Amino acid sequence: MKIRKGDNIIVLAGADKGKTGVVAKAFPALHKVLVQGVCVRKVHEKARKSGSKGQIIEKSMPINVSNVAIVDPETKKATRIGTKVVGDVKNRVAKKSGSTL
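This one's a predicted model, so the numbers in the text were calculated from it and none came from an experiment.

(A) Here's a closer look at the sheet that holds strand 6 (residues 63–64). With antiparallel pairing, six strands are arranged side by side in an open sheet as 6-3-2-1-7-8. Of all strands in the sheet, those with a lone pairing partner are strand 6 and strand 8 (78–79), marking the two edges. Looking at chain direction, strand 1 (residues 8–11) and strand 2 (residues 20–27) are connected through three bridges and run antiparallel. Each bridged residue has a counterpart across the sheet, and for isoleucine 10 the counterpart in strand 2 is threonine 20.

If you want it as structure tokens, here you go:
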């Protein structure tokens, strides 16, 4: 999985198509990422203490990696990711512009 925590992404498919956000957490085993402000669902939360009420909160849900793409820092459009080795350092590179991520 080439998308990591802290990457700027754009949603390619689904109800939130076209939205952008920052990856908050990555789940490589599940091939999913959690993005702030994308795929927000209302979740009914149970009351914790006796006498308190339950509530409905908005929570971001994980989205499949195949439905997101990295935003190119130069063109601000979706791009794929490649790698380039410079000396002993391996860098991630945007395929469209060639800029490092």
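Moving on from the coordinates now.
(B) Expanded view of the nonpolar core. Of all hydrophobic cores here, the largest spans 13 residues; its most connected members are Ile3, Ile9, Val33, Val35, Ile63 and Val68. Contributions of two or more residues to this core are made by strand 1, strand 3 (32–35) and strand 7 (68–71). Aside from chain neighbours lying at most four places away, what touches valine 33 is Met1, Ile3, Val23, Lys25, Ala26, Pro62, Ile63, Val65 and Val68.

(C) Region of interest: the environment of histidine 31. Structurally, histidine 31 is set in the loop between strand 2 and strand 3. Take histidine 31: its relative accessible area is 47%, and that puts it in the partly exposed class. Every residue in contact with histidine 31, bar those within four places of it in the chain, is listed here: Met1, Ile63, Asn64 and Val65.

Conventions and cut-offs
Here the residue numbers are simple positions, counted from 1 along each chain's written sequence. The predicted origin of the model limits local features to residues at a pLDDT of at least 70 and limits the giving and counting of side-chain atom pairs to 80 or more, whereas totals for whole chains, interfaces and linings rest on all residues. Hydrogen atoms and water are omitted, and side-chain values are computed over all heavy atoms in the structure. Here, a strand pair is defined by DSSP locating no fewer than two bridges between the strands. Under the DSSP-based scheme used, a helix requires at least four consecutive residues in state H or I and a strand at least two consecutive residues in state E, with every element numbered from the N terminus. For the purposes of this section, nonpolar cores are sets of buried Ala, Val, Leu, Ile, Met, Phe, Trp, Tyr and Cys residues that join through side-chain atoms within 4.5 Å. Buried residues are those whose accessible area, probed at 1.4 Å on protein chains only, stays under 20% of the maximum for their type, while exposed residues exceed 50% and partly exposed ones sit between those limits. Throughout, a residue-residue contact means that at least one pair of heavy atoms, one from each residue, lies within 4.5 Å.

Bear in mind that shape data such as this cannot, by itself, settle questions of function.
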